[in-house]
Amino acid sequence: MVKTVLVTGGAGFIGSHTCVELLESNISVICVDDLSNSKQSVVDRIKSITGKELSFHKLNVCDETQLDRIFEMYDIDAVIHFAGYKAVGQSVEKPLMYYQNNLNSTITLLKCMAKHNVNRIVFSSSATVYGVPKVVPMNETADTWCTNPYGWTKYMSEQIIKDWCVATPNASAILLRYFNPIGAHFSGLIGEDPNGIPNNLLPYICQVAAGKLEYLRVFGDDYDTADGTGVRDYIHVVDLAKGHLKALEYIDANKGCQCVNLGTGKGYSVLDVVKAYQTACGIDIPYRIYPRRSGDIATSYADPKKAYELLGWKAERDLNDMCASAYNWQKMNPNGYGD
Ligand code: UD1
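Residues numbered from 1 in each chain as written. Predicted model: local features only at pLDDT ≥ 70, side-chain atom pairs only at ≥ 80, totals over all residues. Heavy atoms only, no water.

(A) Structural detail: the sheet that holds strand 4 (residues 78-81). The strand order across the open sheet formed by 7 strands is 3-2-1-4-5-6-11, and the pairing between neighbours is parallel. The sheet is open, and its two borders are formed by strand 3 (55-58) and strand 11 (256-262), each paired with just one other strand. This sheet shows a mean twist of 15° between the axes of neighbouring strands, independent of strand direction. Looking at chain direction, strand 1 (residues 4-8) and strand 2 (residues 28-33) are connected through 5 bridges and run parallel. If you follow Val 5 over to strand 2, its bridge partner there is Val 29. (Pairing = 2+ DSSP bridges. Helix = DSSP H or I, 4+ residues; strand = E, 2+ residues; numbered from the N terminus. Axes fitted to C-alpha atoms, helices over the stretch in contact; angles between N-to-C directions.)

(B) Looking closely at empty space enclosed by the protein. Evaluated as defined, the whole model comprises 1 cavity of 30 Å³ or more. Here the largest cavity defines a volume of roughly 50 Å³. Lining the largest cavity we find His 81, Ala 83, Gly 84, Asn 102, Thr 106, Phe 123, Thr 153, Lys 154 and Ser 157. Mapped by element, the contributors of at least two residues to the lining of the largest cavity are helix 5 (95-115) and helix 6 (149-167). Top contributing element to the lining of the largest cavity by residue count: helix 6, with 3 residues. When its residues are assigned to classes, the lining of the largest cavity shows 2 nonpolar, 6 polar and 1 charged. (1 Å grid on protein atoms, 1.4 Å probe; cavity = no way out; pocket = protein on both sides within 12 Å on 5 of 7 lines; lining within 4 Å. Points joined across faces, edges and corners; volume = space filled by probe spheres on them. Nonpolar A, V, L, I, M, F, W, Y, C, P; charged D, E, K, R; others polar.)

(C) Molecular detail of the packing of helix 7 (residues 201-209) against helix 11 (residues 319-332). Taken N-terminus to C-terminus, the directions of helix 7 and helix 11 make an angle of 55°; their axes are 10 Å apart at the nearest point. In terms of orientation, helix 7 and helix 11 fall into the oblique class. The handedness of the crossing between helix 7 and helix 11 is right-handed. The residues of helix 11 that touch helix 7, namely those facing Leu 202, Cys 206, Gln 207 and Ala 209, are Met 322, Cys 323, Ala 326, Tyr 327 and Gln 330. Tallied by class, residues from the contact of helix 7 with helix 11 come to 7 nonpolar, 2 polar and no charged. (Parallel < 35°, antiparallel > 145°, perpendicular 65-115°, else oblique. Left-handed = near helix turned anticlockwise from the far one by under 90°. Contact = heavy atoms within 4.5 Å.)

(D) Just the site of the ligand, in detail. Near the ligand you find 20 residues, and of these Leu 201, Arg 217, Arg 232, Arg 293 and Asp 296 are the closest. Note that an oxygen atom of the ligand is positioned 3.0 Å from one of the side-chain N or O atoms of Asn 180. Phe 219 places a polar main-chain atom, nitrogen or oxygen, 2.9 Å from an oxygen atom of the ligand. Relative to its unbound accessible surface of 740 Å², the ligand loses 87% to contact with the protein. Of all the secondary structure elements, the ones that give two or more residues to the shell around the ligand are strand 7 (180-182), helix 7 and strand 8 (216-219). The dominant element in the shell around the ligand, judged by the number of residues it contributes, is strand 8, at 4 residues. Counted by class, the shell around the ligand contains 10 nonpolar, 6 polar and 4 charged residues. (Near = heavy atom within 4 Å. Polar contact = N/O pair within 3.5 Å; in protein donor to acceptor, adjacent residues only side chain to side chain. Areas by Shrake-Rupley, 256 points an atom, 1.4 Å probe, with all protein chains shown as cover.)

(E) Quick look at the packing of aromatic side chains. This model, assessed by the stated rule, comprises 7 aromatic pairs. A centroid spacing of 4.9 Å and a plane angle of 85° characterise the contact between Trp 145 and Trp 152, whose relative ring orientation is edge-to-face. Trp 152 gets classed as buried once you look at its relative accessible area, which sits at 17%. A centroid spacing of 5.0 Å and a plane angle of 55° characterise the contact between Trp 329 and Tyr 337, whose relative ring orientation is tilted. Note on Trp 329: relative accessible area 5%, which makes it buried. Residue classification places Tyr 337 among the buried positions, given a relative accessible area of 10%. Taken together, the ring pairs in this structure connect Trp 145, Trp 152 and Tyr 155 into an aromatic cluster. Its guanidinium or amino end placed over the ring of Tyr 223, Arg 292 lies 4.0 Å from that ring's centre, counting from NZ or CZ. (Phe/Tyr/Trp six-rings, centres within 6.5 Å; stacked < 30°, edge-to-face > 60°. Buried < 20%, exposed > 50% of the residue type's maximum accessible area, 1.4 Å probe, protein only. Lys NZ or Arg CZ within 6 Å of the ring centre and 35° of its normal.)

(F) Quick look at helix 1 (residues 13-24). End to end, helix 1 covers 17 Å across 12 residues, agreeing with the expected 16 Å (1.5 Å per residue, within 8%). Of all the 12 residues making up helix 1, 11 are buried; the element is thus mostly covered by neighbouring parts of the structure. By the burial criterion, the buried members of helix 1 are Phe 13, Ile 14, Gly 15, Ser 16, His 17, Thr 18, Cys 19, Val 20, Glu 21, Leu 22 and Leu 23. Phi turns positive one or two residues past the end of helix 1, at Asn 26, with a value near 65°. (Expected span 1.5 Å × (residues − 1).)

(G) Molecular detail of unusual backbone geometry. Of note, the amide linkage connecting Val 136 to Pro 137 takes the cis form, showing an omega dihedral of -5°. Here Pro 137 shows up in the loop between strand 5 (120-126) and helix 6. At Asn 26, a position not held by glycine, the phi torsion is positive, near 65°. Tracing the sequence through the fold places Asn 26 in the loop between helix 1 and strand 2. Judged by its relative accessible area of 61%, Asn 26 falls in the exposed class. For Leu 35, which is not glycine, the phi dihedral falls at a positive 60°. Within the fold, Leu 35 resides in the loop between strand 2 and helix 2 (41-50).

Here you go:
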């Protein structure tokens, strides 16, 4: 049974929600994070949501000496690996920074795991590995190809973990390919806190709702979709976090490496999201149509069947919950974590 889990990047958006779910399932959590894109106060908020303790260590997973010490200190049963840079545009400008950090962290982590006989890992991958899909919904056998360095770091980390799994007796790994995670914990204590002006749709809408940004720029209304705007599979971050627990249960009982989509299987357009947000929150979201954003695709949504069949997981929260919880987080934390 998995009793103690090392969570890398546990102070981030998805990591923090996963720490909450782990603690609520009575799993001990060792959280490591270099706080390069997150705040120390997240840890206290996780504790106040759950009423439980977790161990936090500020470190970068590429630092083998420090990471090794963590494996010395605790009796770790499994690892959930979130730590990594994640801004697509920045990865195009600074590819070496992305490859160096995101690949070194995966390799260093696997080396430390091997040294300490830890052979179970859940990896935070992305539907971005499907590149431009030939067909939707996408299942796990769809072709993989990436369109930016961030995506390639996910693709390459997946490959590194697959190869490690083959070479390591009794190893088990799940590579979770997330679609578009949004929303926040219902407590309003943890949520997404992007640096500067948000790139992603829902954080941007939240800042329009808060009056910080004047209007939403809708990137393209001439795609081959029902209303011409881009279609995505938005998934509530709490559903996503729960998927990691199911993945842990699976790797505890099974060997080998599997990739699994985490999505709802439903696609919503940008304008669907705007309408849902207005309805859920009672706030008008002004928008203007802009040209397409370079690198965007028309439509992406998951075939989530494998997650259900293999892990017994499916998304339960709808777009209304996603918008309402994101708005609640924004209202309760106008400046995010703020420090
Ligand atoms: C983006 C990343 C993807 C990453 C994911 C994390 C790109 C090209 N892809 O996905 O690799 O895994 O975030 O959640 O950045 N939109 C607007 N106006 C905005 C922002 C977005 O119209 O201000 C539209 C986009 O054109 C798209 C949809 O909203 O159709 C969703 O965009 P976004 O939230 O940025 O996610 P993705 O581009 O799907």
